Amino acid sequence: MSYQSLLERGLLPDALVRREIRGLLRRRLAEERASDAEEALAREERLVAGMRESPVTLPPAEASVPHGEVPPEFHGLVLGGERMSTPGHFSEGVSTLDAAESAMLALACERARLEDGQNVLDLGCGWGALALRVAERFPGSRVVAVARSREEKAFVDSRAAERGLANVKAIACDLNAFDPATGPAFDRVVSVGTFEQVRNWPELLARIASWLKPEGRLFLQVRAHRELSYPFVARDEAPWLARSLFDGGLMPSDHLLLRFPEHLLVEARWRIGGTHAARTAVAWLANLDRNRREARKVLAKAYGPGVARRKLAEWRNFLLASAELGAFAGGNEWLVSQYRLRRRYA
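Notes on the structure follow. (Residues numbered from 1 in each chain as written. Predicted model: local features only at pLDDT ≥ 70, side-chain atom pairs only at ≥ 80, totals over all residues. Heavy atoms only, no water.)

It is worth spelling out the overall build of the chain at this point. Within the chain one finds 12 helices and 9 strands. Against the 2.2 N^0.38 benchmark of 20 Å for 346 residues, the chain shows a C-alpha radius of gyration of 20 Å, consistent with a compact globule. Taking the principal axes of the C-alpha coordinates as reference, the chain spans close to 60 × 55 × 40 Å. Here the chain holds 346 residues, and 54% of them are scored as buried. Partitioning the contacts of the chain with sequence separation of at least 6, the portion at a separation of at least 24 is 79%. Within the structure as shown, the chain displays about 15,200 Å² of accessible surface, and the carbon and sulfur contribution to it stands at 50%. Of the charged side chains in the chain, 50 are positive and 45 negative; the average position of the first set lies 3 Å away from that of the second. (Helix = DSSP H or I, 4+ residues; strand = E, 2+ residues; numbered from the N terminus. Rg over C-alpha atoms; globule rule 2.2 N^0.38 Å. Buried < 20%, exposed > 50% of the residue type's maximum accessible area, 1.4 Å probe, protein only. Contact = heavy atoms within 4.5 Å. Areas by Shrake-Rupley, 256 points an atom, 1.4 Å probe, with all protein chains shown as cover. Lys, Arg positive; Asp, Glu negative; His and termini not counted. Charge placed at Lys NZ, Arg CZ, Asp CG, Glu CD.)

This is the structure:
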């Protein structure tokens, strides 16, 4: 049986898979890093030009996002209590996934300068962790949460009802088509873990600027590389790794956002070491292994018993790859980048 077959069936030891992932990451860095300074800039210029000509997000046929391929019940078996699908913050004294989720949510609220009484738009809200935290912590605020699927919207609605939160409204909408049709109505727009699946950053940033009040702010969080920007494209030698790491998405550099100052200017930026993302992925993997039997039942119900084993192995490989990506070079290569932006013209 080939290495690829063993990998897809989940029959390889994690240590071997992790070693292979580290080798693939080293090779990817060698490919993406240009030894010639002029060529390095030329590559970035070509990427930026392509972004400006793209739709806001790629059509579903061109973008494969693992999180969107499985039933919602699966995420409840893997993610933490807040159901965050983005890294937690394992600050000093924080050792559990739930505590790390709460710490990252608190950090986002602080850095976005969220206050009671604001109109807040959560763009790409996922399962609603940040939107629900804002609505609960700031009861005088009004929160609009834009989900990318009906399942996410339904989950946000149900959690809001459970917590008695009448100040949050969830909408399911493709980001290509979303328009609040309210003009500059929002004090804050927040977007966590969404821009990695956005291709035309300048177009979406221009739209966000039009939705913000004159003194409004955008808070943005992405997984980023410290210096390189590149699209995730499946390579012949390791297509499974690209699929695991969001084939069709974009790995931005930490400075890529600075290339698009036409409508919004970065007024503050932060870096969070990749070890936080690595520890989050390890915690997700532990949850998946602990709930393996139930997870396989959920996958079997969705895809059939014959496919469930392969799907489970794909998710384990995704989590192992995410952990190795964050831990690479001591967490100093692939980071979590955060930014607060203001309108260029009030």
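Positive phi outside glycine occurs at Arg113, with the angle close to 55 degrees. Take Arg113: its relative accessible area is 45%, and that puts it in the partly exposed class. Even without being a glycine, Ala181 presents a positive backbone phi close to 55 degrees. On the basis of relative accessible area, Ala181 is assigned to the exposed category, the value being 68%.

Here we come to the sheet that holds strand β9 (residues 334–343). Overall, mixed pairing links the 7 strands, which are arranged β3-β2-β1-β4-β5-β9-β8 in an open sheet. Two strands bound the open sheet, and with one partner strand each, they are β3 (168–172) and β8 (264–272). Here the average twist between neighbouring strands, direction ignored, is 15 degrees. Bridging between strand β4 (residues 186–192) and strand β5 (residues 212–225) involves 6 bridges; their strand directions are parallel. Its bridge partner being in β5, Arg188 is matched across the sheet by Arg217. (Pairing = 2+ DSSP bridges. Axes fitted to C-alpha atoms, helices over the stretch in contact; angles between N-to-C directions.)

Along β5, 11 of the 14 residues are buried, which leaves the element largely enclosed by surrounding structure. Once the chain exits β4 it traverses helix α8 (residues 201–211) before rejoining the sheet at β5, and the crossover so formed is right-handed. Inspection of the sheet shows β5 paired to β9 by 9 bridges, in the antiparallel sense. By the bridge assignment, Val222 is partnered in β9 with Ser337. (Right-handed = clockwise from strand over helix to strand, strands pointing away.)

The next thing to look at is the side chain of Thr280. Among the secondary structure elements, Thr280 is positioned in helix α10 (residues 274–290). The class for Thr280 is buried, based on a relative accessible area of 1%. Within the local environment of Thr280, its side chain forms a polar contact with the backbone oxygen of His276, the two atoms lying 2.8 Å apart. (Polar contact = N/O pair within 3.5 Å; in protein donor to acceptor, adjacent residues only side chain to side chain.)

Its 12 residues give helix α11 (residues 292–303) an end-to-end C-alpha distance of 16 Å, which sits within 8% of 16 Å, the value for a rise of 1.5 Å per residue. All buried positions along α11 are accounted for by Ala295, Val298 and Leu299. With its buried residues spanning 95 degrees around the axis, α11 presents them on a single face. Facing away from the buried surface of α11 by more than 90 degrees, the exposed residues are Arg293, Lys297 and Lys301. In the core, the buried residues of α11 are packed alongside α4 (72–78), α10 and α12 (305–327). Just downstream of α11, Gly304 is the residue with a positive phi angle, here 100 degrees. (Expected span 1.5 Å × (residues − 1). Arc of directions from axis to C-beta.)

In this section: the state of the cysteines. Every disulfide links exactly two cysteines, by a covalent bond between their sulfur atoms. Here the structure, examined in full by the defined rule, presents 0 disulfides. Between Cys109, a free cysteine, and Cys125, which holds the nearest cysteine sulfur, the sulfur-to-sulfur gap is 14 Å. For Cys109, a relative accessible area of 3% translates into the label buried. Cys173 supplies the cysteine sulfur nearest to Cys125, a cysteine that is in no disulfide, at a spacing of 12 Å. (Disulfide = S-S within 2.5 Å.)

Let us look at the pattern of salt bridges. The full count for this structure, using the stated rule, is 23 salt bridges. Residues Arg163 and Glu82 are paired through a salt bridge, measuring 3.8 Å at the closest nitrogen-oxygen approach. You can see Arg163 sitting in the loop between α7 (150–162) and β3 and its partner Glu82 sitting in the loop between α4 and α5 (97–111), a full 81 residues away along the chain. With its nearest N and O atoms 3.3 Å apart, the salt bridge here joins Arg292 to Asp289. Here Asp289 falls in the partly exposed class, since its relative accessible area comes to 32%. (Salt bridge = Lys/Arg side-chain N within 4 Å of Asp/Glu carboxyl O.)

What follows deals with the packing of helix α2 (residues 14–32) against α12. One way to put it is that α2 packs onto α12 with a least axis distance of 9 Å and a crossing angle of 55 degrees. Between α2 and α12, the angle is such that the two are oblique. α12 is crossed by α2, and the crossing has right-handed handedness. In this structure, α2 uses Asp14, Val17, Arg18, Ile21, Arg22 and Leu25 to contact α12, whose residues at the interface are Arg316, Asn317, Leu320, Ala321, Ala323, Glu324 and Leu325. In terms of residue class, the contact of α2 with α12 is made up of 7 nonpolar, 1 polar and 5 charged. (Parallel < 35°, antiparallel > 145°, perpendicular 65-115°, else oblique. Left-handed = near helix turned anticlockwise from the far one by under 90°. Nonpolar A, V, L, I, M, F, W, Y, C, P; charged D, E, K, R; others polar.)

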